[in-house]
Amino acid sequence: MNDTTRTTSEKPYDVETDVESNTPLAPQRAHLQLAIDGMTCQACASRIEKVLNKKPSVYDVSVNFAGETANVDYDPTQTTPEQVTEWVNKTGFVANVQAADSLFSQTDEDTATQYPWRLIGLWICLVPFLVGMAGMLTGSGMAWMPPIWVQFILATVVQFGLALPFYKSAWASIKGGLANMDVLVVIGTVTIWAYSTYLWLTHGDGTLNSLLQSGYTGGHGASNSPAVYFEAGVMVIAFVRTGKYLEERTKKHSLNSIDLLLSLTPDEVEQQQPNGDFHRIALSDVQVGDVLRAKQGSRVATDGTVIEGSGWCVESHLTGESVALKKEQGDGLLAGALVENGSLLYRVNAKGSDTKLGDMVQALSDAQGSKANLARLADRVTAIFVPIVVTIALVTFGVTWWLTGMVDTALMHAVSVLVIACPCALGLATPAAIMAGMGVAARHGVWFKDAQSLEAAGNIDTVVLDKTGTLTIGKPTIVDHVMVDKSLAVDDVLQIAASVEAHASHPLATALVNTAKDRQLPLFNVTDISVIKGAGIQANIEGLGLIKVGTAEFANLTLPKLMPKVWQIASTVAISINDEPLGAFALADDLKTDTPRAIIALQNAGINVILMSGDKQSVVDHVAGQLGIDKAYGKMSPRDKASQIALLQTAGHKVAMAGDGVNDAPAMATADASFAMFEGTDVAQHSASARLMGESLMHIDAAQKIAQATLRNIKQNLFFAFIYNCLGIPLAAFGFLNPMVAAAAMALSSISVLMNALRLTRFKTEVELKNTVSMSHFDEDYSVKG
């Protein structure tokens, strides 16, 4: 057989042990996800990582500025989640542990952005300054500008009241050893306020009456008023705060695919009462075992099993396939599925975070909170960004004052440099695109394990595919048999083989067991089960001896040379007792309907497709010929597959592996990216960097294209962020940008990065585009016929 399977007595494959060699057990490792409030830029995220990485009990930390989360791997024997939370809180932020069911228990109030009272107050204080500046544009000079003492009051309220969060964030970042963007804003605006206040207080004879009388005809250049710049500080704070508010809303809503997934389950459900009536209750009150009703047009609230009724359900939110599936008594239902037609009564099997949808939400949350390798560059830059900018601002101030002799001009140039510098755009460039890309991938039925997995998938140039269960349906049937001893009944040999294969989960094994059940053949009790990777499975049956089921070589069987053609294109399962061959079965498996289209799509995208299988070469060649695959390798053991992939990598290829069996796990672990097929074994699921939630191979094509689009988006964002700062800082230093324009540009830089990331949410695969065209043609035909 070409897949080795796990026996019932074996431990899960994802936990490796080495009892015989007495190798010490690896340190315990626990995972924790925190929701973090108070981060204002990437430097904040870097500061939290720096603090936690210094703790000996913490193995790994990844803080996502865009997602406002932290993923922490720690040693549970040395610390606790509460302690980790306290460490984060001491850095000046507010951290809360994301409990297992917390995502499903969020209320609208939890997920909504708080009403921006502080921002409204800022703009109210800014209005008088805007009126005054409008007068300048209409030729009235500074006549519309409020008196300086009014400007001073408004600027002071803004600077030391409404801008208080900037001060708190700046101070916390300085204490943490990594200055953030707010440090630049505070230094710049306080400097403007202090300088303007000094000029105002020293103007005239210093009496109260003189101070109140100065500036009635406006500020800059008026004969009776000093050249104050209170409006500049207020506008900088207002523009920066507005940018942060828009940024926060975009991150929490437009980029947040998790909220969209959570909205798939209804708030209330129809619960069947003991007397048969139905009452509406809150979803949170539903218990496992309850009977619920889902009618046409509604969504299934929990995972469950249909006990009455029938209907058609769309499960595209999990599988990425929009085709409706018929559901009848005994069929399983998934939370979030849309009942397109019919009415279903179903018994609740799982709710909340225990559902398949809950698993997806948690997987997406973890993946969005991880960090791609491309983000490391931005992290290194932001770590030294603020000190460099402050240095440039000081140099700008000194040089400008020396060249012009005007301290106010030098000050404005320096403040412009401080304000326009934006580490936020750099910090958002990668995580914003990752959040959007992960959400799009999940919508298409692809669950990436983390950001690095998505990044690796976007760089692949070669895809290695297993045959059984990957290219084929995975439900082979017996098409022929041969018996060494003609006196043996076929059913007797099948009964022996099925008794052993019942302890394996490979599709070929399942086919033998199901055929035995269909023929009502009772299975023998077996002992001493052992799986031989790449060969087969063996066990003892009392009264018979050692039974081997697997490849012809494993069962010591030599097939005749002149066999029917079907044996050349079918998989062979041979059986022996005490190394004496009994016979063999030929099993054929049909290709999935869209496998040819998926292969063509990958090849058209420039991907080199290779087939590797443990099946015999003639079968592998036949399948490869059907699909137009040039390179096909048969009789490959798990080690052979991994070695071949390693050779491809040595030759400079970026390789992805797709499979569904235990024997694919070593190759998956070796490959740069890996995809576990829907309903693959647990080992394949854990070894893969991405899980495909549908049967279709088109998911691989979608995963590769989405990953590529995400990487392009990240590179665009990083390019824009770097160019923005490389151009903006020199322009500000040479006086081409005043502080107000610099503040507006700085706010727009972050928003533009987020808007570019949002373009990913409109990504459509080839299948979706064709469906859209087909539907438009259908609508046109329908309207004509109507």
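Coordinates for the structure precede this section.
Parameters at a glance
- Residues numbered from 1 in each chain as written.
- Predicted model: local features only at pLDDT ≥ 70, side-chain atom pairs only at ≥ 80, totals over all residues.
- Heavy atoms only, no water.
- Helix = DSSP H or I, 4+ residues; strand = E, 2+ residues; numbered from the N terminus.
- Buried < 20%, exposed > 50% of the residue type's maximum accessible area, 1.4 Å probe, protein only.
- Contact = heavy atoms within 4.5 Å.
- Areas by Shrake-Rupley, 256 points an atom, 1.4 Å probe, with all protein chains shown as cover.
- Expected span 1.5 Å × (residues − 1).
- Pairing = 2+ DSSP bridges.
- Salt bridge = Lys/Arg side-chain N within 4 Å of Asp/Glu carboxyl O.
- Axes fitted to C-alpha atoms, helices over the stretch in contact; angles between N-to-C directions.
- Parallel < 35°, antiparallel > 145°, perpendicular 65-115°, else oblique.
- Left-handed = near helix turned anticlockwise from the far one by under 90°.
- Nonpolar A, V, L, I, M, F, W, Y, C, P; charged D, E, K, R; others polar.
- Arc of directions from axis to C-beta.
- Phe/Tyr/Trp six-rings, centres within 6.5 Å; stacked < 30°, edge-to-face > 60°.
- Lys NZ or Arg CZ within 6 Å of the ring centre and 35° of its normal.

A.B. asks: Could you clarify how one ought to interpret the overall build of the chain in this entry?
C.D. replies: Counting its secondary structure elements, the chain contains 27 helices and 24 strands. Expressed as a percentage of its 786 residues, the buried residues of the chain come to 53%. When contacts within the chain are restricted to residue pairs at least 6 apart in sequence, long-range pairs at least 24 apart make up 71% of them. Working note: accessible area of the chain is about 34,800 Å², and carbon and sulfur atoms make up 57% of it.

A.B. asks: Before we go on, may I ask you to explain helix α17 (residues 490–501) in this structure?
C.D. replies: Every α-helix carries 3.6 residues per turn, so stepping three or four residues along brings you back to the same face. For α17, which comprises 12 residues, the first-to-last C-alpha distance of 16 Å matches the rise-based estimate of 16 Å (1.5 Å per residue) to within 8%. All buried positions along α17 are accounted for by V493, L494, Q495, I496, A497, A498, S499, V500 and E501.

A.B. asks: Even after reading the chapter, I still don't get the pairing of strand β1 (residues 30–37), so can you show me in this structure?
C.D. replies: Within a regular beta strand, the side chains point alternately toward one face of the sheet and then the other, so they alternate between its two faces. Of the strand pairs in this sheet, β1 and strand β3 (residues 69–74) are connected by six bridges, and their pairing is antiparallel. Within the sheet, the bridge partner assigned to H31 lies in β3 and is D73. Taken together, the four bridges between β1 and strand β4 (residues 94–97) define a ladder with antiparallel strand orientation. Following the sheet pairing, I36 is matched in β4 by A95.

A.B. asks: Looking at this structure, how should I read the environment of L418?
C.D. replies: Here L418 is to be found in helix α14 (residues 407–420). Contacts of L418, omitting those with residues within four sequence positions, involve L184, I187, G188, V389, V390 and A393.

A.B. asks: Looking at this model, I keep getting lost on the pattern of salt bridges. Mind explaining?
C.D. replies: Two side chains bearing opposite charge may form a pair once their charged atoms approach each other closely. For the structure on display, the rule yields 14 salt bridges. For E86, the salt bridge is made with K90, and the minimal N-O distance between the two is 3.7 Å. Of this pair, E86 and K90 both sit in helix α2 (residues 81–90), four residues apart, which is roughly one turn of the helix. Owing to a relative accessible area of 37%, E86 belongs among the partly exposed residues under this scheme.

A.B. asks: Looking at this model, I keep getting lost on the packing of helix α5 (residues 148–162) against helix α7 (residues 181–201). Mind explaining?
C.D. replies: For any two helices packed against each other, one specifies the crossing angle of their axes together with the interaxial distance. Two elements in contact, α5 and α7, have axes whose closest approach is 11 Å; the angle formed by their N-to-C orientations is 150°. Classed by the angle they form, the pair α5 and α7 counts as roughly antiparallel. Read as a crossing pair, α5 and α7 show a hand that is left-handed. Where α5 approaches α7, its residues I148, W149, F152, A155, T156, Q159 and F160 are matched on the opposing element by T189, V190, W193, T197 and W200. Taken together, the residues that form the contact of α5 with α7 break down as eight nonpolar, four polar and no charged.

A.B. asks: So what exactly am I meant to see when it comes to unusual backbone geometry here?
C.D. replies: Of all residues except glycine, most have a negative phi; of all peptide bonds, most are trans. The phi angle at N578 is positive, at roughly 50°, despite the residue not being glycine. Within the secondary structure layout, N578 lies in the loop between β18 (571–577) and β19 (580–588). Located in the positive-phi region is D579, a residue other than glycine, with phi close to 65°.

A.B. asks: Looking at this structure, how should I read helix α20 (residues 595–604)?
C.D. replies: Considered for burial, the residues of α20 that qualify are T595, A598, I599, A601 and L602. End-on, the buried residues of α20 take up no more than an arc of 160°, which puts them together on one face. Positive backbone phi, approximately 85°, marks G606, located one or two places after α20.

A.B. asks: Is there a simple way to think about the packing of α20 against helix α25 (residues 698–733) in this case?
C.D. replies: Between α20 and α25, the least distance of the axes is 8 Å, while the angle of their chain directions is 25°. Classified by the angle between their axes, α20 and α25 sit roughly parallel to one another. The crossing of α20 and α25 is left-handed. Counted together, R597, A598, A601 and L602 of α20 and M698, I700, D701 and K705 of α25 form the full contact between these two elements.

A.B. asks: Just to check I follow, could you spell out the sheet that holds strand β22 (residues 655–659) for this structure?
C.D. replies: The strands that make up a sheet pair up through hydrogen bonds in the backbone, lying either parallel or antiparallel. Pairing is mixed across the open sheet formed by seven strands, whose spatial order is β12-β24-β23-β22-β13-β20-β21. Each edge of the open sheet is held by one strand with a lone partner, namely β12 (446–448) and β21 (631–633). Looking at each pair of strands side by side, their axes are set apart by 20° on average, direction ignored. In this sheet, strand β23 (residues 673–676) lies alongside β22 in parallel orientation, the contact comprising four bridges. Counterpart to G659 in the pairing with β23 is A676. Packing of helix α21 (residues 617–627) onto the sheet brings it into contact with β20 (608–612) and β21, and relative to β21 it is tilted by some 155°.

A.B. asks: Even after reading the chapter, I still don't get the packing of aromatic side chains, so can you show me in this structure?
C.D. replies: Two aromatic rings, taken as a pair, are described by how far apart their centres are and by the angle between their planes. Within this structure, the stated rule accounts for seven aromatic pairs. Look at F397 and W401: their rings are 5.5 Å apart centre to centre, the planes differ by 55°, and that puts the pair in the tilted class. With F397 and W401 both in helix α13 (residues 375–404) and four residues apart, the pair spans about one turn of that helix. Among the aromatic residues, ring-to-ring pairing joins F152, F160, Y167, W193, W200 and F230 into one connected group. Between the NZ or CZ atom of R293 and the centre of the ring of F278, over which it lies, the distance is 3.9 Å.

A.B. asks: Looking at this model, I keep getting lost on the sheet that holds strand β17 (residues 545–550). Mind explaining?
C.D. replies: Ordered in space as β14-β19-β18-β17-β16-β15, the six strands form an open sheet in which the pairing is antiparallel. In the strand order of this sheet, the two ends are held by β14 (477–483) and β15 (526–532), each with one partner. On average, each strand axis in the sheet is tilted by 20° relative to the strand beside it, whichever way the strands run. One ladder, built from six bridges, connects strand β16 (residues 536–541) with β17; its direction is antiparallel. Residue pairing for β17: N540 is matched across the bridge by L546. Along the sheet face, α17 touches β14, β15, β16, β17, β18 and β19 and points at about 105° away from the line of β16.

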